[in-house]
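Single-letter residue listing:
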Amino acid sequence: MIANYHTHTALCLHATGSMRQYVEAAIKNGLTTLGFSDHSPCDLTPLGTSSDYRMKEHEVEQYVRTAVQLREEYRDRIKILIGYECEYYPSIFDDILRSIGRFECDYIILGEHHIHNELDGCWSTAPTSNPAHLTKYVDLVIEAMHTGKFSYVAHPDVLNYVGGDDRFYQSEAARLCSAAKATDTPLEINCLGLKEGRHYPNDLFWPVAAEYGCDVIIGSDAHMPEDAGNRAVAAAAERYAARFGITPIKTLKLKPIK
């Protein structure tokens, strides 16, 4: 692993450590590129709710300013990129882009943590046996990929479907993977899920990704500095990918948001 594009900061309220500590850890772990991609700010007033796991609108300038300062300071040791992990909420997606577009932004990745939006309180990680939930999740991810704004899909297998119908799950995975291939959107094997033994990476999903020839990238999903390019976990992710005949790509082709 030489590049990690999935890195959080304390601004999201569920990660620890300073941005400098993430940079230092990334260098120690042998990374040549570190992308910060904390949860994007999002004015959820139109949805009638608020969020407790993302930076606030007024913190964007601080986030970008710190990343720019570190990029300059460490320019001879590592490449630092400025990005965000964003949900795709169709009704306010343009507002999200305008918010983060006020300042420098190199890329965004898709992290669809809700089946619909935060107002519904229907988390993608919550176990569900409802086939409609899986279908809705896949519909949103496909629509997001077709915007052409997302450089990759984080944990595309995050929807925790426990319906017991493997053929249905894989048919929905096939829809997602077909769209990923058509839109040239890589899919992420998520190191945090692997490290913590979560329900993802999902063994039912990745054979489908391999069948469709999707580009696959490994993402640290770092919430602690030591996880930024953690060599042991990255090696485990490489072995996981190899089980399905997948050779992950090393670097990402960034898609501009403007």
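Look above for the structure.
Owing to the predicted nature of the structure, the values given are computational and were not obtained by experimental measurement.

Quick word on the nonpolar core
The nonpolar side chains of a soluble globular protein tend to be buried, and buried together.
Here is step 1: By size, the foremost hydrophobic cluster in this structure holds 75 residues, and its most contacted members are Tyr 84, Ile 108, Leu 187 and Trp 206.
Here is step 2: Of the residues forming this core, the biggest block, eight residues, is contributed by helix H4 (residues 131-145).
Here is step 3: Excluding its chain neighbours within four sequence positions, the residues that come into contact with Leu 187 are Val 153, Pro 156, Leu 176, Cys 177, Ala 180, Phe 205, Trp 206, Ala 209, Cys 214, Asp 215, Val 216 and Ile 217.
Here is step 4: Of all hydrophobic cores here, the second largest spans nine residues; its members include Ala 3, Tyr 107, Ala 154 and Leu 252.

Some words on the packing of helix H1 (residues 19-28) against helix H2 (residues 60-73)
Here is step 1: Axis separation between H1 and H2 bottoms out at 10 Å; the angle between their running directions is 35°. Every pair of crossing elements has a handedness; the one defined by H1 and H2 is right-handed. In this structure, H1 contributes Met 19, Arg 20 and Val 23 to the contact, and H2 contributes Tyr 63, Thr 66, Ala 67, Leu 70 and Glu 73.
Here is step 2: Per-class residue counts for the contact of H1 with H2 are five nonpolar, one polar and two charged.

Section: the packing of aromatic side chains
Here is step 1: All chains considered together, the criterion is met by eight aromatic pairs.
Here is step 2: Their ring planes at 85° and their centres at 6.0 Å tell us that Tyr 5 and Tyr 107 sit as a pair that is edge-to-face. Of this pair, Tyr 5 sits in the loop between strand S1 (3-4) and H1 while Tyr 107 sits in strand S4 (residues 107-110), placing them 102 residues apart in sequence.
Here is step 3: Exposure remark for Tyr 5: the relative accessible area of 3% places this residue in the buried category.
Here is step 4: Assessed through its relative accessible area of 0%, Tyr 107 is described here as buried.
Here is step 5: A centroid spacing of 5.2 Å and a plane angle of 50° characterise the contact between Tyr 63 and Tyr 84, whose relative ring orientation is tilted. In this pair, Tyr 63 sits in helix H2 while Tyr 84 sits in strand S3 (residues 79-86), placing the two residues 21 residues apart along the sequence.
Here is step 6: An aromatic cluster is present here, built from Tyr 88, Phe 93 and Phe 150 joined pairwise through their rings.

Quick word on the pairing of S3
The two faces of a sheet get side chains in turn, since along a regular strand they alternate between them.
Here is step 1: S3 sits mainly inside the fold: seven of its eight residues count as buried.
Here is step 2: In terms of strand pairing, strand S2 (residues 33-39) meets S3 through seven bridges, oriented parallel. Counted as the bridge partner of Ser 37 is Gly 83 from S3.
Here is step 3: In terms of strand pairing, S3 meets S4 through four bridges, oriented parallel. For Cys 86, the partnering residue across the bridge sits in S4 and is Leu 110.
Here is step 4: Crossover connection from S3 via helix H3 (residues 93-100) to parallel S4: handedness right-handed.

Considerations on the pattern of salt bridges
Here is step 1: Counted under the stated rule, the structure contains eleven salt bridges.
Here is step 2: The salt bridge partner of Glu 72 is Arg 75, with a shortest N-O separation of 2.8 Å.
Here is step 3: Given a relative accessible area of 52%, Arg 75 falls into the exposed group.
Here is step 4: Glu 172 is the partner of Arg 175 in a salt bridge, and the nearest nitrogen-oxygen pair spans 2.8 Å. You can see Arg 175 and its partner Glu 172 sitting in helix H5 (residues 166-182), three residues apart, about one turn around the helix.

Examining the layout of surface pockets
Here is step 1: Taken as a whole, the largest pocket spans an internal volume of roughly 240 Å³.
Here is step 2: Taken together, 17 residues line the largest pocket, and the ones lying closest to its centre are His 14, His 113, Arg 198, Tyr 200 and His 223.
Here is step 3: A per-class count over the lining of the largest pocket returns five nonpolar, eight polar and four charged.

Things to note about the environment of Asp 184
Here is step 1: Its location among the elements puts Asp 184 in the loop between H5 and strand S6 (187-190).
Here is step 2: When its relative accessible area of 34% is taken as the criterion, Asp 184 is described as partly exposed.
Here is step 3: A C-alpha to C-alpha distance of 20 Å links Asp 184 and Ser 171, two positions 13 residues apart in sequence.
Here is step 4: Ignoring sequence-local partners within four residues, the contact set of Asp 184 consists of Asp 215, Lys 253 and Lys 255.

Reading the values: the criteria
- In this convention, every chain numbers its residues from 1, walking through the sequence in written order.
- Note on the predicted model: pLDDT of at least 70 is required for a residue's local features to be given, and 80 or more for side-chain atom pairs to be given and counted; whole-chain, interface and lining totals, by contrast, use all residues.
- Side-chain metrics in this entry use all non-hydrogen atoms of the structure; hydrogen atoms and water are not considered.
- Put simply, buried Ala, Val, Leu, Ile, Met, Phe, Trp, Tyr and Cys residues joined by side-chain atoms within 4.5 Å make one nonpolar core.
- Under the scheme applied here, a residue whose accessible area is under 20% of the maximum for its type counts as buried, over 50% as exposed, and between as partly exposed, the area being computed with a 1.4 Å probe on protein chains only.
- What counts as a helix is a DSSP run of H or I of at least four residues, what counts as a strand is a run of E of at least two, and both are numbered from the N terminus.
- Any two residues having at least one pair of non-hydrogen atoms within 4.5 Å are treated as being in contact.
- Fitted lines through C-alpha atoms give the axes, limited to the stretch in contact for helices. The angle between two N-to-C directions lies from 0 to 180 degrees.
- Left-handed describes a crossing in which the near helix is turned anticlockwise from the far one by less than a right angle; the clockwise case is right-handed.
- For this classification, the nonpolar set comprises Ala, Val, Leu, Ile, Met, Phe, Trp, Tyr, Cys and Pro, the charged set comprises Asp, Glu, Lys and Arg, and every other residue, Gly included, is treated as polar.
- In this analysis, rings of Phe, Tyr and Trp, with Trp reduced to its six-membered ring, are considered paired at centre separations within 6.5 Å, and the interplanar angle assigns stacked below 30 degrees, edge-to-face beyond 60, and tilted for intermediate values.
- At least two bridges found by DSSP between two strands are what make those strands a pair.
- With the strands pointing away from the viewer, any crossover whose connection runs clockwise from the first strand over the helix to the second is right-handed.
- A side-chain nitrogen of Lys or Arg and a carboxyl oxygen of Asp or Glu constitute a salt bridge if their distance falls within 4 Å.
- In this analysis, the protein atoms alone were mapped onto a 1 Å grid. Cavities are point sets where a 1.4 Å probe fits without being able to get out; pockets are open sets with protein on both sides within 12 Å along at least five of seven lines; lining residues have an atom within 4 Å of a point.
- Grid points are joined across faces, edges and corners, and a volume is the space filled by probe spheres set on the points.

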